[in-house]
Amino acid sequence: MWSKSGMLRSTLAQQGSPVYSVAWGPDSNRILYTSGRQLVIKPLQLSTKVIQWKAHDGVILKVDWNSVNDLILSGGEDCKYKVWDSYGRMLYSSHPHDYPVTSLSWAPDGEVFAVGSFNTLRLCDRTGWSYALEKPNTGSVFSLAWSADGTQLAGACGNGHVIFAHVVEQHWEWKNFVITLTKRRTMQVRNVVNDAVDVLEFRDRVIKASLAQGHLVVTTSLQCYVYNSSNWNTPLIFDLKEGTVSLILQAEKHFLLVDGVGLYVFSYEGRLLSSPKFPGMRPDVLNAQSVSLSNDTIAIHDTTDEKVVFLFDALTGKALGDGKPLTHKLEVVEIALDQCGPSNERKIALIDKERDLHLTPVRRLGREHHICKIGSMVHTMAWNDAANILCGVQDDQLTVWYYPSAVFTDRDLLAKTLYNKDGSEFSRAPTILSYVGTKVTVRQGDGSLVYSSVSPYPALLHDYSASARWEDALRLCRFAKDQSLWACLAGMAMASRELNTAEVAYTAIGDVPRVQYIGFIKQQPSKESSVAHTLLFSGHVQEAESTLLQAGLAYQAIQVHIDLYNWERALELAVKHKTHVDTVLAYRGKFLQRFGRKETNKRFLQYSEGVGRVPRRFARYQHFAGRRRPVPRGSLEVFSFGIAAAAAAWFSPRLLLKACDVICHVLWGL
């Protein structure tokens, strides 16, 4: 390792075989070098472990390591080029060429790479398959270098020539439009419905383009062009500060540009809305897997700490909530925001290092992020553009989560809202390119495109739920006769607290216990109590407790924890509110008696000694009174309550307890 002035700083490694190629790691804390047929990743810190593996059957001549996708390229005298991850796992191996691979190089954005050999120049996708093959008469191509914008390639050849290449014939598809980059400054737009063709010409060469949400966004080295799909003749044009745009993301109302300096959110009218930033942000290494955009939110995966995802308001660029980012327990490899619905219901899906798929709300309102796992062995994912439906390649099949938010309402419903399709038609390492309408576009490992269709009914159900058209939703489910639709409707109705619709939906899927509990919720005497039990239905115990306490229903809050056997919290609430301590002790004693165990909790023993034996008989009376049940109409019961009332008003407390004993014996058989 040398300084800029040429002074030797340190010798990182010594070995017996020549080092033909070296590459820096993405974080500049590691180097990759060749050692005969082996590749070696050497950290600059001496205490860190060295990774070394056999990569080729011949001497390795060239390596490259991309900072955006963290993938490694290698080529050697065995006439093959290979793609590796940073742990030394092979992702792709080419067929043997006629001659050794003498050069290779990643494009700056990590989407494509070039491979050079004798009289051969090949352009390949990041997954390894070949886009194009050229046979220039130049001898061996010994070195390759990309321009900063990734549109041009230069090669140093064995016959003393320098060759230049330009990337053309790129394609973009959206609904009935197909756009092709025919030349460096020319695009062709074809409407497949009426076969109409429009030609778009630009002053400078095209660097990046994106087609979605009814708009085409094109960036050149100096300007940005925004076309509406209804009018290809009059684009909106504005100048760019930095010409090397590396990423374009589109949402319904605005789009995002990423260059080497920062991130910028523009409206489709060309107005700059925001430019979010956070300490240590590196825009040059961001890609479509590490940045996601919706109408109100921007999510950015931190490259320095891979467990952290920063969340920003798309219109202001300010951090959401209290400014704390979303932190996962494992390294995150891909993120995606849903595209529909109000901002307070925005969700983000993320895939971690173990390929588990998780879902969490974006706006947590002062609480910690509630991250729920909804899938495993998920290799790629995408949200639908018109409804919050998520699809992914899970293990060896295509899985569609019709209503992934069901995990927050009723986790048992989630498995019933899935649609699974055999993925045997997919080859190795498929990637979901888009999920538009009812069509899922999947790019296979060999470069071919596979299209899968999804039922249109779930999207209609989402639309009915968002507009509270519950009768229409019920009619749709009855017409489709699909259990997954009924399960989706049950989750949507419970999330909206539409108990009547939820009761019908749960009945349709045969979930009797939940139908009974919904009936119990509908019988609650107060609105607060109904809301609290609805929260309990979804497993939100803390929120249910807060709702009851704010409404002054302390006993019901205590009873919630008794029913859940949260004895410590039940006693804590009873002591705090100075009521029903004896009720908690009585239920606790009955619980222990049922299992033949003795009390060992010091706190319960302490309050049992303080209260004495009176509450054991009085507890049921307290429990009865706490439910606010009206006075029974039977003559014997009325007489018993009369005794209690008279004793309380005129006689001693001892007589009151005796009267309560009578009531307990008569009414409950104690």
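Source: prediction; values computed, not measured.

## Some details on the overall build of the protein
Then, number 1: A count of helical and extended segments in the protein gives 16 helices and 42 strands.
Then, number 2: Evaluated residue by residue, the protein yields a buried proportion of 50% over its 670 residues.
Then, number 3: Here the protein displays about 33100 Å² of accessible surface, and carbon together with sulfur accounts for 51% of that area.
Then, number 4: Positive and negative side-chain charges of the protein, numbering 73 and 65 respectively, have mean locations separated by a distance of 8 Å.

## Let's talk about the nonpolar core
Then, number 1: Membership of the largest hydrophobic core comes to 43 residues, with the highest contact counts inside it found for Ile-432, Tyr-435, Leu-461, Leu-489 and Tyr-506.
Then, number 2: Per-element accounting of this core gives the leading share, 9 residues, to helix 5 (residues 483-495).
Then, number 3: Sequence-distant contacts of Leu-461, defined by excluding residues within four places in its chain, comprise Ala-473, Leu-476, Cys-477, Leu-485, Cys-488, Leu-489 and Met-492.
Then, number 4: Counting residues in hydrophobic clusters, the runner-up holds 20 residues, among them Ala-532, Leu-548, Ala-557 and Ile-558.

## Quick word on the environment of Leu-553
Then, number 1: For Leu-553, the location among the structural elements is in the loop between helix 9 (541-550) and helix 10 (554-563).
Then, number 2: Put simply, Leu-553 and Ser-529 are 24 residues apart on the chain and 8.1 Å apart in space, counted from C-alpha to C-alpha.

## So, the pattern of salt bridges
Then, number 1: Under the counting rule described, the total for this entry stands at 22 salt bridges.
Then, number 2: The partner of Asp-27 in a salt bridge is Arg-30, with the nearest N and O atoms 3.8 Å apart.
Then, number 3: A salt bridge links Glu-572 to Arg-569, with the shortest nitrogen-to-oxygen separation between them at 3.0 Å. With Glu-572 and Arg-569 both in helix 11 (residues 567-577) and 3 residues apart, the pair spans about one turn of that helix.
Then, number 4: Through salt bridges with shared partners, a single network forms among Asp-296, Asp-313, Asp-338, Arg-346 and Arg-363.

## Re a nonpolar patch on the surface
Then, number 1: Residues Leu-433, Leu-449 and Tyr-451 make up a contiguous nonpolar surface patch of roughly 260 Å² in combined accessible area.
Then, number 2: Tracing the chain through its elements places Leu-449 in strand 42 (residues 449-453).

## Description of the sheet that holds strand 25 (residues 254-258)
Then, number 1: In space, the 4 strands of this open sheet follow the order 24-25-26-27, with antiparallel pairing throughout. Lying at the two open borders of the sheet, with one neighbouring strand each, are strand 24 (247-250) and strand 27 (272-274). Sheet twist, expressed as the average angle between the axes of neighbouring strands with direction ignored, equals 30 degrees.
Then, number 2: Of the pairings in the sheet, the one linking strand 26 (residues 263-267) to strand 27 comprises 2 bridges and is antiparallel in character. Within strand 27, the residue paired with Phe-266 across the bridge is Leu-272.

## Let's talk about the confidence of the model for the protein
Then, number 1: Predicted confidence across the protein gives a mean pLDDT of 87, with 90% of residues reaching 70 or more.
Then, number 2: Across residues 613-656, confidence stays below pLDDT 50; counting only partners more than four residues off in sequence or on other chains, it has 52 contacts.
Then, number 3: Confidence drops under a pLDDT of 50 for residues 664-670, and excluding neighbours within four residues, the segment shows 13 contacts in the predicted structure.

## Thoughts on the pairing of strand 12 (residues 130-134)
Then, number 1: Bridge count for strand 11 (residues 120-125) against strand 12 is 4 bridges, and the pairing is antiparallel. Looking at the pairing, Leu-123 lines up with Ala-132 of strand 12.

## Digging into the environment of Ile-351
Then, number 1: For Ile-351, the location among the structural elements is in strand 33 (residues 347-352).
Then, number 2: The class of Ile-351 is buried, set by a relative accessible area of 0%.
Then, number 3: Non-local contacts of Ile-351, meaning those with residues more than four positions away in its chain, are made with Val-332, Val-333, Glu-334, Asp-356, Leu-357, Val-378, His-379, Thr-380 and Met-381.

## Some thoughts on the sheet that holds strand 32 (residues 332-337)
Strands belonging to one sheet form pairs held by backbone hydrogen bonds; the direction of such a pair is parallel or antiparallel.
Then, number 1: As summarised here, the arrangement of the 4 strands in space is 32-33-34-35, forming an open sheet in which the pairing is antiparallel. Since the sheet does not close on itself, it has two edges, and those belong to strand 32 and strand 35 (372-375), each with one partner. Averaged over neighbouring strand pairs, the angle between their axes works out to 30 degrees when direction is ignored.
Then, number 2: Relative to strand 33, strand 32 runs antiparallel, the two being bridged by 5 bridges. Its bridge partner being in strand 33, Leu-337 is matched across the sheet by Ile-348.

## Considerations on helix 8 (residues 527-537)
Then, number 1: Where burial is concerned, most of helix 8 is hidden: 9 out of the 11 residues are buried.
Then, number 2: Here helix 8 has its buried residues at Ser-529, Ser-530, Val-531, Ala-532, His-533, Thr-534, Leu-535, Leu-536 and Phe-537.
Then, number 3: Turning to helix 8, the residues buried within the fold contact helix 1 (406-409), helix 5, helix 6 (499-508), helix 7 (512-522), helix 9 and helix 10.
Then, number 4: Gly-539 occupies a position one or two residues after helix 8 and carries a positive phi of about 85 degrees.

## Details of a negative patch on the surface
Then, number 1: Judged by side-chain charge, Asp-395, Asp-396, Asp-422 and Glu-425 come together as a negatively charged surface patch.
Then, number 2: Tracing the sequence through the fold places Glu-425 in the loop between strand 39 (418-422) and strand 40 (431-436).

## Digging into unusual backbone geometry
Glycine aside, negative phi is the norm for most residues, and most peptide bonds take the trans geometry.
Then, number 1: Backbone geometry at Lys-175 places phi at a positive 50 degrees, although glycine is not the residue there.
Then, number 2: As for its position among the elements, Lys-175 is in the loop between strand 16 (171-174) and strand 17 (177-183).
Then, number 3: Given the relative accessible area of 55%, Lys-175 is considered exposed.
Then, number 4: Despite not being glycine, Gln-213 shows a phi value in the positive range, around 50 degrees.
Then, number 5: Along the chain, Gln-213 turns up in the loop between strand 20 (206-212) and strand 21 (215-220).

## Details of the packing of aromatic side chains
Two descriptors summarise a pair of aromatic rings, namely the distance from one centre to the other and the angle between the planes of the rings.
Then, number 1: Summed over the entire model, instances satisfying the criterion amount to 25 aromatic pairs.
Then, number 2: Taking the centre distance of 4.7 Å and the plane angle of 55 degrees together, the rings of Tyr-99 and Phe-118 count as tilted. Of the two residues, Tyr-99 sits in the loop between strand 8 (90-93) and strand 9 (103-106) while Phe-118 sits in the loop between strand 10 (112-117) and strand 11, which places them 19 residues apart along the sequence.
Then, number 3: Seen in terms of ring centroids, Phe-177 and Trp-232 are 5.5 Å apart; in terms of plane orientation they differ by 70 degrees. Their pairing is edge-to-face. Taken as a pair, Phe-177 in strand 17 and Trp-232 in strand 23 (residues 231-239) lie far apart in primary sequence, 55 residues in all. Neither Phe-177 nor Trp-232 differs from the other in exposure class; each is buried.
Then, number 4: Above the plane of the ring of Phe-604 lies Arg-588, whose end atom (NZ or CZ) is 4.7 Å from the centre.

Definitions and cut-offs
- Residues numbered from 1 in each chain as written.
- Predicted model: local features only at pLDDT ≥ 70, side-chain atom pairs only at ≥ 80, totals over all residues.
- Heavy atoms only, no water.
- Helix = DSSP H or I, 4+ residues; strand = E, 2+ residues; numbered from the N terminus.
- Buried < 20%, exposed > 50% of the residue type's maximum accessible area, 1.4 Å probe, protein only.
- Areas by Shrake-Rupley, 256 points an atom, 1.4 Å probe, with all protein chains shown as cover.
- Lys, Arg positive; Asp, Glu negative; His and termini not counted.
- Charge placed at Lys NZ, Arg CZ, Asp CG, Glu CD.
- Core = buried A, V, L, I, M, F, W, Y, C linked by side-chain atoms within 4.5 Å.
- Contact = heavy atoms within 4.5 Å.
- Salt bridge = Lys/Arg side-chain N within 4 Å of Asp/Glu carboxyl O.
- Patch = residues over 30% accessible without salt bridge, like charges linked within 9 Å, V, L, I, M, F, W, Y side chains within 5 Å.
- Pairing = 2+ DSSP bridges.
- Axes fitted to C-alpha atoms, helices over the stretch in contact; angles between N-to-C directions.
- pLDDT = per-residue confidence, 0-100.
- Phe/Tyr/Trp six-rings, centres within 6.5 Å; stacked < 30°, edge-to-face > 60°.
- Lys NZ or Arg CZ within 6 Å of the ring centre and 35° of its normal.

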